[in-house]
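Chain and residue survey
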Amino acid sequence: MLVVRDLNKTIDKQVVLRNVNFKLMPGQVVGVVGRNGTGKTTLFKTMAGVLTPDSGTVEYEGESIYSSPGNKMNIVFIPDSPEALLNYTAMDSAQLFSRVYPFFDRDYFKETLHRLELPHNRKIRQFSKGMRMMFSIALGLSTKAQYILLDEPTNGIDIIANKQITKLLMEAAEEGTTLVISSHMLGELERIADTILLMKDGAIETHSITDATNGAICKFQVVFREEAPTVWLKSPSVHVLDRVGRVYTVLVDTKAQISILEEMGKFNPLLMEPLPMKLEDLFVWKLGGRKHVD
Ligand SMILES: Nc1ncnc2c1ncn2[C@@H]1O[C@H](COP(=O)(O)OP(=O)(O)OP(=O)(O)O)[C@@H](O)[C@H]1O
(Lines give C-alpha, C1' and ligand atoms only; values in the text may rest on other atoms or scores of the structure.)
Protein backbone atom coordinates (compact mmCIF):
# COMPACT_ATOMS: atom_id res chain seq x y z
CA MET A 1 0.00 0.00 0.00
CA LEU A 2 1.16 3.55 -0.71
CA VAL A 3 0.01 6.20 1.73
CA VAL A 4 0.24 9.89 0.94
CA ARG A 5 0.04 11.65 4.26
CA ASP A 6 -0.45 15.39 4.87
CA LEU A 7 1.76 16.48 1.97
CA ASN A 8 2.53 20.19 1.80
CA LYS A 9 4.79 21.88 -0.71
CA THR A 10 5.51 25.55 -1.40
CA ILE A 11 7.42 26.59 -4.53
CA ASP A 12 8.61 30.18 -4.97
CA LYS A 13 6.41 31.30 -2.06
CA GLN A 14 3.35 29.75 -3.73
CA VAL A 15 1.57 26.98 -1.86
CA VAL A 16 1.31 24.21 -4.47
CA LEU A 17 0.27 21.21 -2.33
CA ARG A 18 -2.00 21.56 0.74
CA ASN A 19 -2.51 18.70 3.18
CA VAL A 20 -2.82 16.06 0.48
CA ASN A 21 -3.95 12.70 1.89
CA PHE A 22 -4.94 9.46 0.16
CA LYS A 23 -4.09 5.75 -0.05
CA LEU A 24 -3.37 3.58 -3.07
CA MET A 25 -4.00 -0.15 -3.22
CA PRO A 26 -2.46 -2.73 -5.59
CA GLY A 27 -4.12 -2.83 -9.00
CA GLN A 28 -6.06 0.38 -8.49
CA VAL A 29 -6.43 2.77 -11.42
CA VAL A 30 -6.72 6.29 -10.06
CA GLY A 31 -7.44 9.36 -12.14
CA VAL A 32 -6.20 12.74 -10.94
CA VAL A 33 -8.07 15.66 -12.43
CA GLY A 34 -8.02 19.40 -11.87
CA ARG A 35 -7.61 22.67 -13.68
CA ASN A 36 -4.28 23.73 -15.21
CA GLY A 37 -1.72 24.67 -12.57
CA THR A 38 -3.59 23.04 -9.69
CA GLY A 39 -0.63 20.89 -8.60
CA LYS A 40 -1.04 17.49 -10.30
CA THR A 41 2.50 17.26 -11.70
CA THR A 42 3.98 18.57 -8.45
CA LEU A 43 2.02 15.92 -6.55
CA PHE A 44 3.38 13.16 -8.82
CA LYS A 45 6.96 14.41 -8.56
CA THR A 46 6.66 14.58 -4.78
CA MET A 47 5.14 11.09 -4.60
CA ALA A 48 8.01 9.72 -6.69
CA GLY A 49 10.63 11.45 -4.54
CA VAL A 50 11.80 13.75 -7.36
CA LEU A 51 10.70 16.66 -5.14
CA THR A 52 10.82 16.69 -1.33
CA PRO A 53 7.75 17.90 0.55
CA ASP A 54 7.98 20.72 3.11
CA SER A 55 5.95 18.52 5.45
CA GLY A 56 4.09 15.25 5.31
CA THR A 57 5.28 11.98 3.86
CA VAL A 58 4.74 9.22 1.31
CA GLU A 59 4.89 5.75 2.85
CA TYR A 60 5.55 2.60 0.85
CA GLU A 61 4.49 -0.44 2.87
CA GLY A 62 4.72 1.63 6.06
CA GLU A 63 8.15 3.21 5.38
CA SER A 64 8.78 6.78 4.28
CA ILE A 65 10.26 6.93 0.77
CA TYR A 66 12.28 9.98 1.85
CA SER A 67 14.02 8.29 4.77
CA SER A 68 14.32 4.91 2.96
CA PRO A 69 15.18 5.99 -0.61
CA GLY A 70 15.36 2.35 -1.79
CA ASN A 71 11.56 2.43 -1.73
CA LYS A 72 11.55 5.03 -4.52
CA MET A 73 12.28 2.14 -6.88
CA ASN A 74 8.69 1.04 -6.41
CA ILE A 75 7.23 4.34 -7.58
CA VAL A 76 7.94 5.54 -11.11
CA PHE A 77 6.97 8.94 -12.44
CA ILE A 78 6.37 9.06 -16.21
CA PRO A 79 6.62 12.66 -17.38
CA ASP A 80 4.95 13.85 -20.56
CA SER A 81 8.36 14.15 -22.24
CA PRO A 82 11.53 12.18 -21.37
CA GLU A 83 13.81 15.26 -21.36
CA ALA A 84 16.69 13.50 -19.57
CA LEU A 85 16.87 10.75 -22.20
CA LEU A 86 16.76 12.77 -25.43
CA ASN A 87 20.38 11.93 -26.31
CA TYR A 88 19.92 8.20 -25.74
CA THR A 89 18.38 5.55 -27.95
CA ALA A 90 15.55 3.39 -26.61
CA MET A 91 17.95 0.51 -25.97
CA ASP A 92 20.52 2.79 -24.24
CA SER A 93 17.70 4.02 -22.01
CA ALA A 94 16.75 0.42 -21.19
CA GLN A 95 20.33 -0.30 -20.18
CA LEU A 96 20.39 2.77 -17.95
CA PHE A 97 17.05 1.92 -16.33
CA SER A 98 17.96 -1.73 -15.78
CA ARG A 99 20.89 -0.57 -13.63
CA VAL A 100 18.54 1.48 -11.45
CA TYR A 101 15.42 -0.71 -11.40
CA PRO A 102 16.20 -4.28 -10.33
CA PHE A 103 13.06 -5.74 -11.93
CA PHE A 104 13.43 -3.94 -15.26
CA ASP A 105 12.04 -6.35 -17.88
CA ARG A 106 14.05 -6.00 -21.12
CA ASP A 107 11.97 -8.57 -22.99
CA TYR A 108 8.76 -6.75 -22.12
CA PHE A 109 10.40 -3.45 -23.13
CA LYS A 110 11.49 -4.79 -26.54
CA GLU A 111 8.10 -6.37 -27.15
CA THR A 112 6.34 -3.12 -26.19
CA LEU A 113 8.57 -1.06 -28.51
CA HIS A 114 7.62 -3.51 -31.24
CA ARG A 115 3.89 -3.26 -30.41
CA LEU A 116 4.10 0.54 -30.50
CA GLU A 117 6.23 0.45 -33.67
CA LEU A 118 9.00 2.48 -32.02
CA PRO A 119 12.57 2.15 -33.34
CA HIS A 120 15.18 0.59 -31.02
CA ASN A 121 18.23 2.47 -32.18
CA ARG A 122 17.21 6.02 -32.96
CA LYS A 123 17.86 8.79 -30.48
CA ILE A 124 14.78 9.87 -28.55
CA ARG A 125 15.53 13.43 -29.72
CA GLN A 126 14.50 12.28 -33.22
CA PHE A 127 11.12 10.99 -31.98
CA SER A 128 7.91 12.96 -32.51
CA LYS A 129 5.98 14.23 -29.47
CA GLY A 130 3.62 11.23 -29.54
CA MET A 131 6.51 8.78 -30.01
CA ARG A 132 8.30 10.29 -26.99
CA MET A 133 5.22 9.82 -24.85
CA MET A 134 4.78 6.21 -26.00
CA PHE A 135 8.46 5.53 -25.36
CA SER A 136 8.22 7.02 -21.84
CA ILE A 137 5.24 4.81 -21.04
CA ALA A 138 6.97 1.69 -22.41
CA LEU A 139 10.07 2.44 -20.37
CA GLY A 140 8.11 3.25 -17.20
CA LEU A 141 5.98 0.09 -17.38
CA SER A 142 9.11 -2.01 -18.03
CA THR A 143 10.51 -1.06 -14.62
CA LYS A 144 7.76 -3.31 -13.21
CA ALA A 145 7.42 -0.84 -10.34
CA GLN A 146 4.34 -1.38 -8.20
CA TYR A 147 3.16 2.24 -8.56
CA ILE A 148 3.27 4.05 -11.89
CA LEU A 149 2.42 7.75 -12.02
CA LEU A 150 1.56 8.96 -15.51
CA ASP A 151 1.37 12.66 -16.30
CA GLU A 152 -1.09 13.17 -19.16
CA PRO A 153 -0.13 9.92 -20.90
CA THR A 154 -2.37 10.41 -23.93
CA ASN A 155 -1.35 14.00 -24.58
CA GLY A 156 -0.32 14.37 -28.26
CA ILE A 157 -1.07 10.74 -29.08
CA ASP A 158 -3.23 9.78 -32.07
CA ILE A 159 -6.34 7.67 -31.60
CA ILE A 160 -4.76 4.37 -32.72
CA ALA A 161 -1.75 4.81 -30.42
CA ASN A 162 -4.14 5.94 -27.69
CA LYS A 163 -5.96 2.61 -27.86
CA GLN A 164 -2.63 0.73 -27.76
CA ILE A 165 -1.49 2.73 -24.72
CA THR A 166 -4.79 2.18 -22.93
CA LYS A 167 -4.51 -1.57 -23.62
CA LEU A 168 -0.96 -1.64 -22.20
CA LEU A 169 -2.08 0.25 -19.10
CA MET A 170 -5.05 -2.01 -18.52
CA GLU A 171 -2.86 -5.11 -18.89
CA ALA A 172 -0.47 -3.66 -16.29
CA ALA A 173 -3.37 -2.94 -13.91
CA GLU A 174 -4.69 -6.49 -14.36
CA GLU A 175 -1.27 -7.76 -13.27
CA GLY A 176 -1.60 -5.71 -10.07
CA THR A 177 0.29 -2.53 -10.97
CA THR A 178 -1.29 0.58 -9.47
CA LEU A 179 -1.70 3.35 -12.02
CA VAL A 180 -2.16 6.99 -11.12
CA ILE A 181 -3.05 8.97 -14.21
CA SER A 182 -3.44 12.71 -14.57
CA SER A 183 -5.42 13.78 -17.59
CA HIS A 184 -7.64 16.46 -19.01
CA MET A 185 -9.37 13.83 -21.17
CA LEU A 186 -12.14 13.29 -18.66
CA GLY A 187 -14.29 10.92 -20.74
CA GLU A 188 -11.32 8.67 -21.35
CA LEU A 189 -10.26 8.72 -17.71
CA GLU A 190 -13.76 7.93 -16.56
CA ARG A 191 -13.74 4.76 -18.66
CA ILE A 192 -10.51 3.39 -17.21
CA ALA A 193 -10.22 4.74 -13.66
CA ASP A 194 -11.92 3.16 -10.68
CA THR A 195 -11.30 6.17 -8.44
CA ILE A 196 -11.04 9.85 -9.27
CA LEU A 197 -9.17 12.40 -7.16
CA LEU A 198 -10.30 15.91 -7.97
CA MET A 199 -7.68 18.55 -7.12
CA LYS A 200 -8.37 22.20 -6.45
CA ASP A 201 -5.71 24.73 -5.45
CA GLY A 202 -3.25 22.04 -4.41
CA ALA A 203 -5.72 20.10 -2.25
CA ILE A 204 -7.82 17.01 -2.90
CA GLU A 205 -11.30 18.42 -3.22
CA THR A 206 -13.07 15.10 -3.77
CA HIS A 207 -11.95 11.51 -3.49
CA SER A 208 -14.26 9.97 -6.05
CA ILE A 209 -17.23 10.76 -8.18
CA THR A 210 -19.45 8.54 -6.04
CA ASP A 211 -18.12 10.04 -2.80
CA ALA A 212 -18.89 13.45 -4.18
CA THR A 213 -22.38 12.76 -5.26
CA ASN A 214 -23.49 9.78 -3.17
CA GLY A 215 -26.30 9.73 -5.67
CA ALA A 216 -27.35 13.08 -4.31
CA ILE A 217 -26.41 15.13 -7.35
CA CYS A 218 -28.67 14.41 -10.30
CA LYS A 219 -28.44 15.62 -13.85
CA PHE A 220 -31.56 16.62 -15.79
CA GLN A 221 -32.53 18.09 -19.08
CA VAL A 222 -35.44 20.43 -18.42
CA VAL A 223 -37.60 22.35 -20.86
CA PHE A 224 -39.81 25.00 -19.31
CA ARG A 225 -43.13 26.05 -20.87
CA GLU A 226 -42.46 29.72 -20.40
CA GLU A 227 -39.64 31.77 -18.96
CA ALA A 228 -37.41 29.67 -16.76
CA PRO A 229 -38.06 30.20 -13.04
CA THR A 230 -35.12 32.45 -12.10
CA VAL A 231 -35.42 31.83 -8.37
CA TRP A 232 -35.12 28.10 -8.92
CA LEU A 233 -32.23 28.42 -11.37
CA LYS A 234 -30.33 30.76 -9.01
CA SER A 235 -30.70 28.38 -6.07
CA PRO A 236 -27.31 27.22 -4.73
CA SER A 237 -28.61 23.65 -5.11
CA VAL A 238 -29.03 24.06 -8.87
CA HIS A 239 -26.12 24.34 -11.29
CA VAL A 240 -26.82 25.16 -14.93
CA LEU A 241 -24.38 23.22 -17.14
CA ASP A 242 -25.79 24.34 -20.45
CA ARG A 243 -28.65 26.32 -21.94
CA VAL A 244 -29.99 26.38 -25.46
CA GLY A 245 -33.10 28.59 -25.59
CA ARG A 246 -35.52 27.13 -23.06
CA VAL A 247 -33.68 23.81 -22.87
CA TYR A 248 -31.56 23.63 -19.74
CA THR A 249 -29.10 20.96 -18.65
CA VAL A 250 -28.84 21.22 -14.89
CA LEU A 251 -27.22 19.51 -11.95
CA VAL A 252 -29.40 19.41 -8.88
CA ASP A 253 -28.02 18.82 -5.40
CA THR A 254 -30.83 16.98 -3.64
CA LYS A 255 -28.72 16.43 -0.55
CA ALA A 256 -28.36 20.15 0.11
CA GLN A 257 -32.07 20.77 -0.44
CA ILE A 258 -34.34 17.74 -0.36
CA SER A 259 -37.38 19.47 -1.91
CA ILE A 260 -35.51 20.98 -4.87
CA LEU A 261 -36.83 18.44 -7.40
CA GLU A 262 -40.40 18.84 -6.14
CA GLU A 263 -40.05 22.58 -6.59
CA MET A 264 -38.95 22.10 -10.18
CA GLY A 265 -42.02 19.90 -10.74
CA LYS A 266 -44.27 22.76 -9.56
CA PHE A 267 -43.25 24.78 -12.63
CA ASN A 268 -44.83 22.02 -14.69
CA PRO A 269 -41.94 21.70 -17.19
CA LEU A 270 -42.60 20.30 -20.68
CA LEU A 271 -39.74 17.87 -20.17
CA MET A 272 -37.77 16.79 -17.14
CA GLU A 273 -35.52 13.95 -18.17
CA PRO A 274 -32.79 12.43 -15.98
CA LEU A 275 -29.38 12.09 -17.68
CA PRO A 276 -26.36 10.02 -16.62
CA MET A 277 -23.89 11.99 -14.51
CA LYS A 278 -20.39 12.23 -16.00
CA LEU A 279 -16.99 13.11 -14.58
CA GLU A 280 -17.00 16.18 -16.80
CA ASP A 281 -20.16 17.37 -15.00
CA LEU A 282 -18.54 16.94 -11.62
CA PHE A 283 -15.47 18.82 -12.86
CA VAL A 284 -17.56 21.78 -13.97
CA TRP A 285 -19.69 21.69 -10.82
CA LYS A 286 -16.72 21.63 -8.48
CA LEU A 287 -14.16 23.68 -10.38
CA GLY A 288 -15.94 25.78 -12.98
CA GLY A 289 -18.00 28.16 -10.89
CA ARG A 290 -21.05 29.55 -12.72
CA LYS A 291 -19.22 31.73 -15.22
CA HIS A 292 -19.12 29.25 -18.11
CA VAL A 293 -22.86 29.49 -18.89
CA ASP A 294 -23.27 33.25 -18.43
N1 LIG B 1 9.62 24.70 -10.82
C2 LIG B 1 8.65 25.56 -10.55
N3 LIG B 1 8.90 26.86 -10.29
C4 LIG B 1 7.91 27.73 -9.99
N5 LIG B 1 6.60 27.39 -9.93
C6 LIG B 1 6.29 26.12 -10.19
C7 LIG B 1 7.27 25.13 -10.52
N8 LIG B 1 6.65 23.94 -10.71
C9 LIG B 1 5.34 24.18 -10.53
N10 LIG B 1 5.12 25.47 -10.21
C11 LIG B 1 3.81 26.09 -9.95
O12 LIG B 1 3.06 25.21 -9.18
C13 LIG B 1 1.69 25.21 -9.61
C14 LIG B 1 1.26 23.79 -9.93
O15 LIG B 1 1.96 23.35 -11.10
P16 LIG B 1 1.75 21.88 -11.66
O17 LIG B 1 2.64 21.75 -12.86
O18 LIG B 1 1.96 20.91 -10.55
O19 LIG B 1 0.22 21.92 -12.09
P20 LIG B 1 -0.63 20.88 -12.96
O21 LIG B 1 -1.90 20.65 -12.20
O22 LIG B 1 0.18 19.70 -13.30
O23 LIG B 1 -0.95 21.74 -14.27
P24 LIG B 1 -1.30 21.30 -15.79
O25 LIG B 1 -2.65 20.64 -15.76
O26 LIG B 1 -1.34 22.61 -16.50
O27 LIG B 1 -0.19 20.40 -16.27
C28 LIG B 1 1.60 26.17 -10.79
O29 LIG B 1 1.11 27.39 -10.34
C30 LIG B 1 3.03 26.30 -11.25
O31 LIG B 1 3.26 27.58 -11.78
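Placed above this text is the structure.
Residues numbered from 1 in each chain as written. Predicted model: local features only at pLDDT ≥ 70, side-chain atom pairs only at ≥ 80, totals over all residues. Heavy atoms only, no water.

The local shell around the ligand holds 14 residues, among which G37, K40, T41, T42 and H184 are the closest. Here an oxygen atom of the ligand sits 3.0 Å away from a polar atom, N or O, in the main chain of G39. Between the ligand and E152 there is a distance of 3.4 Å, counted from an oxygen atom to a side-chain nitrogen or oxygen. In isolation the ligand offers 640 Å² of accessible surface; the protein chains occlude 62% of this area. Of all elements in the fold, only β2 (14–24) and α1 (40–47) reach the threshold of two or more residues within the shell around the ligand. For the shell around the ligand, the residue count by class is two nonpolar, eight polar and four charged. (Near = heavy atom within 4 Å. Polar contact = N/O pair within 3.5 Å; in protein donor to acceptor, adjacent residues only side chain to side chain. Areas by Shrake-Rupley, 256 points an atom, 1.4 Å probe, with all protein chains shown as cover. Helix = DSSP H or I, 4+ residues; strand = E, 2+ residues; numbered from the N terminus. Nonpolar A, V, L, I, M, F, W, Y, C, P; charged D, E, K, R; others polar.)

Moving on, we get to the packing of helix α2 (residues 90–100) against helix α3 (residues 106–115). Running from N to C, α2 and α3 cross one another at 155°; their axes reach a closest spacing of 11 Å. When the interaxial angle is binned, α2 and α3 end up roughly antiparallel. By crossing handedness, the relation of α2 to α3 is classed as right-handed. On the side of α2, the interface is formed by A90, M91, A94, Q95 and S98, while α3 contributes R106, F109, K110 and L113. Classifying every residue of the contact of α2 with α3 by side-chain character gives five nonpolar, two polar and two charged. (Axes fitted to C-alpha atoms, helices over the stretch in contact; angles between N-to-C directions. Parallel < 35°, antiparallel > 145°, perpendicular 65-115°, else oblique. Left-handed = near helix turned anticlockwise from the far one by under 90°. Contact = heavy atoms within 4.5 Å.)

A word on the sheet that holds strand β6 (residues 75–78). In spatial order, the strands read β6-β7-β8-β3-β9-β10; together these six strands make up an open sheet with mixed pairing. The two strands at the open ends of the sheet, each matched to only one other strand, are β6 and β10 (203–206). The mean angle between the axes of side-by-side strands here comes to 25°, regardless of whether they run parallel or antiparallel. In terms of strand pairing, strand β3 (residues 29–34) meets strand β8 (residues 178–182) through four bridges, oriented parallel. Among the inter-strand pairings, V30 is bridged to a residue of β8, identified as V180. Helix α5 (residues 159–174) rests against β3, β7 (147–151) and β8 of the sheet, and its axis sits at about 145° to β8. (Pairing = 2+ DSSP bridges.)

Close approach of charged atoms allows side chains with opposite charge to pair. Under the definition given, this model contains four salt bridges. The partner of E59 in a salt bridge is R5, with the nearest N and O atoms 2.9 Å apart. Here the residue E59 occupies a position in strand β4 (residues 55–60), and R5 occupies one in strand β1 (residues 2–11), the gap between them amounting to 54 residues. For K167, the salt bridge goes to E171, with nearest N and O atoms at 3.6 Å. Of this pair, K167 and E171 both sit in helix α5, four residues apart, roughly one helical turn. By sharing partners, the salt bridges in this structure join R115, K167 and E171 into a single network. (Salt bridge = Lys/Arg side-chain N within 4 Å of Asp/Glu carboxyl O.)

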